[in-house]
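Now for the letters of each chain:
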Amino acid sequence: MAAKTVHAVCSHDCPDSCGVLVTIDESGRATRLRGDPGHPVTRGFLCGKVAKYLERVYSPDRLLYPMRRRADAPKGPLEHRREAESFERISWDEALDTIAARLDAIARQYGPESILPYSYAGTIGVLGYGSMDRRFFHRLGASQLDRTICATTGGEALLSVYGRKLGTDTEAFRNARFIVAWGANIHGNNIHLWPFIEEARRNGAKLVVIDPYATRTAKAADWYIPINPGTDSALALGMMHILVRDGLYDQEYVAQWTHGFDRLCQRIAAYPVERVSTLTGIPAADIERLAGEYGTTTPAVIRLNYGVQRSDNGGAAVRAIAMLPALTGAWKRLGGGLQLSTSGAFRWDSAALERPDLMLSSPLGRPARVVNMSRLGHALTELRDPAVHALFVYNSNPAAIAPDQGAVLRGLSRPDLFTVVHEQFFTDTADYADLVLPATTFLEHRDIQGAYGHYYVQISDQAIEPLGEARSNVWLFTGLAARMGFTEPCFRDTVDELMAQALRAGDAENQDPWLAGTTPQSLRENGGIERLHFSEGPRRPFQPFGEGPFPTPSGKIEFFSEKLAAEGVDPLPAFRPAAESRHTAEGGPYPLEFLPRKSDNYMNSTFINLPGHREMETAHNGVLEMHRDDAAQRGIAEGDAVEVFNDRGSLRLRAHVDGAVRPGVVAARVGWNKLSAGGHNVNLLTSQRLNDLGGGPVFYSVLVDVRRALRSTAKRA
Ligand SMILES: Nc1nc2c(c(=O)[nH]1)N[C@H]1C(S)=C(S)[C@@H](COP(=O)(O)OP(=O)(O)OC[C@H]3O[C@@H](n4cnc5c(=O)[nH]c(N)nc54)[C@H](O)[C@@H]3O)O[C@H]1N2
Ligand SMILES: Nc1nc2c(c(=O)[nH]1)N[C@H]1C(S)=C(S)[C@@H](COP(=O)(O)OP(=O)(O)OC[C@H]3O[C@@H](n4cnc5c(=O)[nH]c(N)nc54)[C@H](O)[C@@H]3O)O[C@H]1N2
Ligand code: SF4
Ligand SMILES: [Mo]
């Protein structure tokens, strides 16, 4: 075989969906990865973590064969790199037969809803994220999983205002003159937006960051505004108060394209600057200045990310922030507006891919019950009628990333729970599996992909042969469907057929206009990348929401939502304090607000086990960041071993007293349990409470206290 280059797509759960060029040598081994220079947003570079991706693909720790737990090995945490000792290798045939037999028996005994799939965004490739797997579980009659863990709240909030998840074109940020990164860690989580922001700044734009944590993005900004966690709704309502008070809103745009302005005005009357200042901890003069500059500089754009919606009041916060550009008419100018997500631009044929109709042919004969993934602990320990008896995990690592870890691990420890984990590595979740199955990386399978941070569709070609016996999600569920005797023809669809179905390729009548003419073939002919076919034409930036009609019930941008009112939700945004916050727990036992954060060089719990990636995070692994005032009050010095605790548990970390937080706030990062002192990560302290919209989790509304640890935390990986 001659050396060659293949276009793949980074499928990690990141807005950037980078085009990746993979160099393969004569032996079929990938030797080099680089950002595709032909991709207008990737622009030839990769983030630090994926630049080192071959260390992941070829890691000696990859899971390469199906394995079964040994009869004498109890479920629970295993020593890193010695996990395989608790398992024995089996063949794929035996693995698939075993799973089919167990699922069949469990479905017969307890009903199919006692089977729970658990997946999220290990891959955001369209087929790998949700296609054959969904068909399989629908046909089985398994419980449906409500995938709320990340973005549902913000998504529903955006839909309630605009009717579609679209936002300012990433490439149009270069045209902006005022840029607000609002709960958006661009340097860490969305690095390919940064060059466009830098270009705008070279042309005089100002970058403002609103975040309770001084991120690298905040440090690089023109103006950093720290805010009390969970109070963004108050800030946005206060800004609207000022904009209306001072006449800094676009009367024409508001009159023509929005709904409910009068009622919004009544609501914002309750948010005078002094009150907002008290709630947010931002000086009144800064709030005035922020609103004034935002209202008078055009084009103004907000990069809103999902950080603000991970709290009790998060839905209202995203709604309120999303209303700002509707009030100022910022959408009218190229480079103005707001971007939370662009994912609504990619209208895959999800009904064809996922076939929810198959639930009607399942033994249930009706849609299965829905289980919220953000309450996995509850699902595994408390749910009845039926209780969960089988858990099938893929594309996710819930033992590390799900809230209220104590409850999750109690559930996963149940000896009577049949657990299958399809994974690339021996994660914390795999430690609780009855069977572990080896999964491919994005270099080892084919897929197509959109993005939530740009407007390009891509095809990801297979660069290398699967390592060991690793197999893709599509392969796995195709094989299982055959074992279960599912005879519907859709279970024999090939990857090519699935890709064509996703795109409705060749179906000119029904294909989405923005995907018109796009096929796997056309994608390949275009270097693997096609811009969505907007009516503006291929090279012009896309500018949504400049004018209506809007796909909302009223046809306008909705400040006031009758639809939410009908669902019993406040039809206007309001500030309501989180159940766990300093605003409600004055004098309560846990005085500090905890931010259990993502890491810049990991992807949620992915990459944490790789030595090269760990090295890039040495400053943060196992560290609690606090303000020196909070440390001094507790007699804590730099480097001290500390315990961070609340009613849900206690974590052992090392104090960094000049952390990037203000008094009253502490922060630490998601790790792997088995690589953490004490065997738990930050999610031991988070809650299964749900927020105000869409049933999302409240990772960033957590109260804790901190004390010096009695004994030193000797063991750190
Ligand atoms: N390097 C890296 N990149 C990632 C990820 C990763 O783990 N690592 N994760 C990926 C995933 S799954 C997602 S969903 C995206 C998400 O990307 P982001 O939404 O950017 O994710 P977060 O880091 O959760 O939150 C962003 C910022 O919000 C801040 N924040 C927390 N609470 C509040 C608040 O109450 N108000 C305000 N204003 N800000 C607040 C946090 O301090 C954080 O800096 O990033 C993706 N990209
Ligand atoms: N404390 C705290 N908790 C959080 C967050 C936070 O900011 N703070 N963020 C939350 C958010 S936004 C999210 S999105 C979730 C993310 O939670 P998850 O979606 O669980 O994300 P990861 O931790 O990255 O785990 C994904 C796993 O999928 C595996 N994988 C990758 N590709 C494939 C594949 O093709 N097939 C299979 N079978 N497996 C594959 C990877 O090896 C990895 O172990 O975490 C949430 N939890
Ligand atoms: S993680 Fe994000 S920035 Fe990094 S290569 Fe993948 S898509 Fe690009
Ligand atoms: Mo996420």
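Look a little higher up for the structure.
What you are looking at is a predicted structure, and each value in this text was computed from that prediction instead of being measured. Residue indices begin from 1 for each chain and proceed along its sequence in written order. Chain letters start at A and ligand numbers start at 1, both assigned in the order the entries are written. For this predicted model, a pLDDT threshold of at least 70 governs which residues receive local features, and a threshold of 80 or more governs which side-chain atom pairs are given and counted, while totals over whole chains, interfaces and linings are taken from all residues. Side-chain measures were taken over the full set of non-hydrogen atoms in the model, leaving aside hydrogen atoms and water.

A.B. asks: Sorry if this is basic, but what is going on with the site of ligand 1 here?
C.D. replies: Taken together, 32 residues form the shell around ligand 1, and within it Asp211, Tyr306, Arg597, Tyr602 and Tyr700 come nearest. The contact in question runs from an oxygen atom of ligand 1 to an N or O atom on the backbone of Gly307, over 3.0 Å. In the model, a nitrogen atom of ligand 1 is placed 2.8 Å from a nitrogen or oxygen of the Asp600 main chain. Each accessible area value is a Shrake-Rupley result obtained with a 1.4 Å probe; residue values ignore everything except the protein chains displayed when judging cover. For ligand 1, the accessible surface in isolation is 900 Å², of which the surrounding protein chains cover 99%. A cutoff of 4 Å decides nearness: a residue is near a molecule or strand if any of its heavy atoms lies inside that distance of it. Whenever two N or O atoms come within 3.5 Å, that pair is a polar contact, provided that in protein one can donate a hydrogen and the other can accept it, and provided that, for residues adjacent in sequence, both atoms are side-chain atoms.

A.B. asks: Please explain the site of ligand 2 as it appears in this structure.
C.D. replies: As a matter of local geometry, ligand 2 sits amid 33 residues, with Ser396, Glu423, Asn473, Ser605 and Thr606 nearest to it. At a separation of 2.9 Å, a nitrogen atom of ligand 2 approaches a polar side-chain atom of Asn683. The fraction of the free accessible surface of ligand 2 (910 Å²) that becomes covered by protein chains is 98%. For this classification, the nonpolar set comprises Ala, Val, Leu, Ile, Met, Phe, Trp, Tyr, Cys and Pro, the charged set comprises Asp, Glu, Lys and Arg, and every other residue, Gly included, is treated as polar. Its residues assigned to classes, the shell around ligand 2 shows 13 nonpolar, 15 polar and five charged. Here the shell around ligand 2 spans two domains, since at least three of its residues come from each of domain 1 (67-76 + 90-148 + 368-443 + 472-517) and domain 3 (582-708). What fixes the domain bounds is an automatic or database domain assignment.

A.B. asks: I keep staring at the sheet that holds strand S20 (residues 529-531) and nothing clicks. Help me out?
C.D. replies: Across a sheet, strands are paired by hydrogen bonds formed along the backbone, either parallel or antiparallel in direction. Here the rule is simple: two strands pair whenever DSSP picks up at least two bridges between them. Only DSSP runs of H or I reaching four residues or more are called helices, and only runs of E reaching two or more are called strands; each is numbered from the N terminus. Taking strand neighbours across the sheet as the criterion, the three strands line up as S18-S19-S20 in an open arrangement whose pairing is antiparallel. Pairing within the sheet leaves two strands with one partner each, and these edge strands are strand S18 (447-449) and S20. Going from strand to strand, the sheet's axes swing by 15° on average, the running direction of each strand aside. Where S18 lies against strand S19 (residues 456-460), three bridges are found, and the strand directions are antiparallel. Residue pairing in the sheet places Asp447 in a bridge with Ser460 of S19. Between N-to-C directions, angles span 0 to 180 degrees; the directions come from axes that are lines fitted to C-alpha atoms, helices contributing only their stretch in contact.

A.B. asks: I keep staring at the pattern of salt bridges and nothing clicks. Help me out?
C.D. replies: Side-chain pairs of opposite charge can arise whenever the charged atoms involved come near each other. A pair is scored as a salt bridge if a Lys or Arg side-chain nitrogen falls within 4 Å of a carboxyl oxygen belonging to Asp or Glu. Enumeration according to the criterion identifies 51 salt bridges in this entry. In this structure, the salt-bridge partner of Asp250 is Lys332, at a minimum N-O distance of 2.6 Å. Residue Asp250 is found in the loop between helix H10 (232-245) and helix H11 (251-257), and its partner Lys332 is found in the loop between helix H15 (314-328) and strand S13 (337-339); the two are separated by 82 residues along the sequence. Between buried and exposed lies partly exposed: a residue is buried under 20% and exposed over 50% of the maximum accessible area for its type, with that area taken using a 1.4 Å probe on protein chains only. With a relative accessible area of 14%, Asp250 lands in the buried category. You can call Lys332 partly exposed: its relative accessible area is 47%. Here the salt bridges share partners, and the residues they tie into one network are Arg68, Arg70, Glu88 and Glu94.

A.B. asks: Would you take a moment to explain the packing of aromatic side chains for this structure?
C.D. replies: Any two aromatic rings considered together are summarised by their centre-to-centre distance and by the angle between their planes. For Phe, Tyr and Trp, rings pair up if their centres lie within 6.5 Å, where Trp contributes its six-membered ring, and each pair is then called stacked (planes under 30 degrees apart), edge-to-face (over 60) or tilted (otherwise). In the structure shown here, the tally under the stated rule is 30 aromatic pairs. Taken together through their ring pairs, the aromatic side chains of Phe136, Phe137, Phe392, Tyr394, Phe477, Phe486 and Phe491 make up a single cluster. Note on geometry: a ring has a charge over it if NZ (lysine) or CZ (arginine) is within 6 Å of the ring centre and within 35 degrees of the ring normal. The ring of Tyr129 has Arg134 lying over it, and the distance from NZ or CZ to the ring centre is 5.0 Å. Just above the ring of Phe560 sits the side chain of Arg263; from NZ or CZ to the centre is 3.8 Å.

A.B. asks: In this structure, what is going on with the side chain of Arg597? I would like to understand it.
C.D. replies: On the secondary structure map, Arg597 appears in strand S22 (residues 592-597). We note that Arg597 is buried and unpaired, the nearest opposite charge coming from Asp211 at a distance of 4.5 Å. Residues in contact with Arg597, not counting those within four places in the same chain, are Asn185, Tyr213, Thr215, Ala667, Ala668, Arg669, Val670 and Tyr700. Counted charges follow a simple rule, with Lys and Arg positive, Asp and Glu negative, and His plus the chain ends left uncounted. Any two residues having at least one pair of non-hydrogen atoms within 4.5 Å are treated as being in contact.

A.B. asks: Hey, could you run me through the sheet that holds strand S1 (residues 4-9) in this one?
C.D. replies: Pairing within the open sheet is antiparallel, and its three strands lie in the order S1-S2-S3. Edge positions in the open sheet fall to S1 and strand S3 (30-35), since each of these has one partner strand only. When strand polarity is set aside, the average angle formed by the axes of neighbouring strands in this sheet is 25°. Sheet topology note: the strand S2 (residues 19-24)/S3 ladder contains five bridges and is antiparallel. Looking across to S3, one finds that Val22 is bridged to Leu33.

A.B. asks: How should the environment of Ile191 be read in this particular structure?
C.D. replies: Along the polypeptide, Ile191 turns up in the loop between helix H7 (186-189) and helix H8 (194-202). A residue is classified by how much of its surface remains accessible, and Ile191, at 19% relative accessible area, is buried. Among all residues touching Ile191, those that are not within four sequence positions of it are Asp16, Phe45, Cys47 and Ile186.

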